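Here are the chains, one letter per residue:
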Amino acid sequence: MEQSFAINQIDEEELLKKAENLKDNENWQEIISLLRPYYQAGTLPIEGLKILGHSYSRNKDYDKAIVIYQDLSQRQPHEAMWPYCLAYQYRSKKDIQLAIEAYEKSLEIYPKWIKALAELSALYKEAGSIEKAHKACQDGI
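Residues numbered from 1 in each chain as written. Predicted model: local features only at pLDDT ≥ 70, side-chain atom pairs only at ≥ 80, totals over all residues. Heavy atoms only, no water.

### Some thoughts on the pattern of salt bridges
The condition is simple: Salt bridges are counted wherever a side-chain nitrogen of Lys or Arg sits within 4 Å of a carboxyl oxygen of Asp or Glu. Helix numbers and strand numbers start at the N terminus; a helix is a DSSP run of H or I with at least 4 residues, a strand a run of E with at least 2. Accessibility here uses a 1.4 Å probe with only protein chains present; expressed as a share of the type maximum, an area under 20% marks a residue as buried, one over 50% as exposed, and anything in between as partly exposed.
If you walk through the whole model with that rule in mind, you get eight salt bridges. Linking Asp63 and Lys93 is a salt bridge whose minimum nitrogen-to-oxygen distance equals 2.3 Å. Highlighted residues: Asp63 in helix H5 (residues 62–75) and Lys93 in the loop between helix H6 (81–92) and helix H7 (96–109), separated in sequence by 30 residues. Judged by its relative accessible area of 44%, Asp63 falls in the partly exposed class. For Lys93, a relative accessible area of 38% translates into the label partly exposed. When the shortest N-O distance is used, the salt bridge between Lys105 and Glu108 registers 3.9 Å. Residue Lys105 and its partner Glu108 are both found in helix H7; the two are separated by three residues, about one turn of the helix. Salt bridges sharing common partners tie together Arg91, Lys115, Glu119 and Glu126.

Shown next as structure tokens:
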């Protein structure tokens, strides 16, 4: 009850500003502690979710970052950044197949994203799909 009261008392703009300031100092765990209650209460805005996902990722808590980026992907299905961020999390966990699928999804949304094409090409190569790696490089060119 007390936490719920505190959540309702803080201004959204103030919350995001505080999180951004912590981000500048790379205080990932502090950001997570600040934003997690709002996320759990379902009141964290998109910008806050973005910061929370990034903080989990930088804190190497990839599973929690994946949950955040999946949520963002559902909320904004036409935003290529979210599957791209998912791909990074999967790649960090050494789940090459899911990383490939996420990069491919990102490129379905924004086919000319050079960085995503380069990352996808490298993963195809790592997975032994040289022809697909070559095609991704050609698409980038």
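### What about the side chain of Gln89?
Worth spelling out the cut-off: Identification of polar contacts relies on pairs of N or O atoms within 3.5 Å, with a donor-acceptor requirement for protein atoms, meaning one able to donate a hydrogen and the other able to accept it, and with residues adjacent in sequence counted only if both atoms are side-chain atoms. The contact criterion used throughout is that any non-hydrogen atoms of two residues lie within 4.5 Å.
Here Gln89 shows up in helix H6. Looking at Gln89, the relative accessible area reads 2%, which means it is buried. Only 3.1 Å separates the side chain of Gln89 from the side chain of Ser57, close enough to count as a polar contact. In this structure, Gln89 is in contact with Ser57, Tyr62, Ala65, Ile66 and Tyr69, ignoring residues within four places of it in sequence.

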